[in-house]
Every structure is written in structure tokens, then in C-alpha cells.
Amino acid sequence: QPPLPPVVGQWVSISEEGYTFLKDGETVESYFCYDDDEQIAYFFDETGAVEDIMKEEGKYEPCKLTLNTDGTLDLISREGEMNCSYQVKDNRIVLPEWGDEVVWNYTMDGDEMLIEQLIYNKGILYSLTYIHYQRK
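A.B. asks: Describe the overall build of the protein chain, with residues and values.
C.D. replies: When you go through the protein chain residue by residue, the secondary structure sums to 0 helices and 12 strands. In sequence order, the secondary structure elements of the protein chain are arranged as β-β-β-β-β-β-β-β-β-β-β-β. Taking the principal axes of the C-alpha coordinates as reference, the protein chain spans close to 55 × 35 × 25 Å. Taking the contacts inside the protein chain whose residues are at least 6 apart along the sequence as the reference set, 35% of them involve residues at least 24 apart. A total accessible area of about 8,700 Å² is found for the protein chain, and carbon and sulfur atoms account for 47% of it.

Laid out in C-alpha cells, this is it:
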């Protein structure tokens, strides 16, 4: 039997940051991150200058991700719960249910994993999120 992929196990997210490229069908760019007890979003104009900064109170809510040995994963996040199948190919966690719409590239460093989550809408990159996980 082949060895299990290194991503198998229980993980909890410790930080999250990323970019959104589309909003309401219009191309915009925003960057978001969590700092102390705030979620901060930076909005850019077409020249790349910061057009607006929005801050909301609220602590970062960690995600719980379990990659099971049977090829299923469970994800509990502030957006809800997800259970689906997955496969590991090279440095990618493939989610067949989502096809090419959701892509998870990962890198590992000991008991830490960084997932680069790319979400596409009709073939156009919608958002890019970096989620840092710690093995539980």
C-alpha cells in the first residue's frame, strides 16, 4: 500500500489573507487580512493606488480542516461546513466536485501547511486566498 500523502490529518487555520478580483461583475481589486481584532480590506483603483480602506471589528475565526484517509475531507469555517472527496496530485489538493472552479495548491513546512486557494468563476480568477494551517 502506498504511503499516505503528508496532508492527511487534522489541521486548524492560524491566519488568512488574500485578494478579490471581481465584485458584482465588475473588475476591482481588494486585499484583505486580519490584524489583531480587525479584518482589514484595502481597495485599489485602476492605477493601483489605495482608494479605500475598510476595517471591521472581529477576531479571526479559525477553520478546521480534516483530510481523511478514505479520500474525503471535512472543512468547518465561518462560511459553513463542507464535506467532499479529494485527491492529492503533486502539490495540489484536487477537489473533483468543484472541477476547475476551486484549486488548492499547498506547501508544507513541518507541521505547518500553506494552502493557496484559487477560486474561478466562468474561467476567470475571482479570488486568491492564502490560508496558513497548523497540524492539530
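A.B. asks: Please provide a residue-by-residue account of the side chain of Glu16, values included.
C.D. replies: Within the secondary structure, Glu16 sits in strand β1 (residues 9-23). A distance of 3.3 Å separates the side chain of Glu16 from the side chain of Tyr60, its partner in a polar contact. Of note is the side chain of Glu16, whose polar atom sits 2.8 Å from the side chain of Arg78.

A.B. asks: A description of the pattern of salt bridges should follow, citing residues and the corresponding values.
C.D. replies: By the definition in use, this model includes 4 salt bridges. Between Arg78 and Glu16 there is a salt bridge, and its shortest N-O distance comes to 2.8 Å. Placement of Arg78 in the loop between β6 (72-77) and β7 (80-85) and of Glu16 in strand β1 is noted, with a sequence separation of 62 residues between them. In this structure Glu16 comes out as buried when scored by relative accessible area, which is 9%. Asp37 is the partner of Lys59 in a salt bridge, and the nearest nitrogen-oxygen pair spans 3.9 Å. You can see Lys59 sitting in the loop between β4 (50-57) and β5 (64-67) and its partner Asp37 sitting in the loop between β2 (26-35) and β3 (38-44), a full 22 residues away along the chain. According to the relative accessible area criterion, Lys59 is exposed, its value standing at 61%. On the basis of relative accessibility, which here comes to 42%, the residue Asp37 falls in the partly exposed class. Counted as one network, the salt bridges with shared partners bring together Glu16, Arg78 and Glu79.

Conventions and cut-offs
- Residues numbered from 1 in each chain as written.
- Predicted model: local features only at pLDDT ≥ 70, side-chain atom pairs only at ≥ 80, totals over all residues.
- Heavy atoms only, no water.
- Helix = DSSP H or I, 4+ residues; strand = E, 2+ residues; numbered from the N terminus.
- Contact = heavy atoms within 4.5 Å.
- Areas by Shrake-Rupley, 256 points an atom, 1.4 Å probe, with all protein chains shown as cover.
- Polar contact = N/O pair within 3.5 Å; in protein donor to acceptor, adjacent residues only side chain to side chain.
- Salt bridge = Lys/Arg side-chain N within 4 Å of Asp/Glu carboxyl O.
- Buried < 20%, exposed > 50% of the residue type's maximum accessible area, 1.4 Å probe, protein only.

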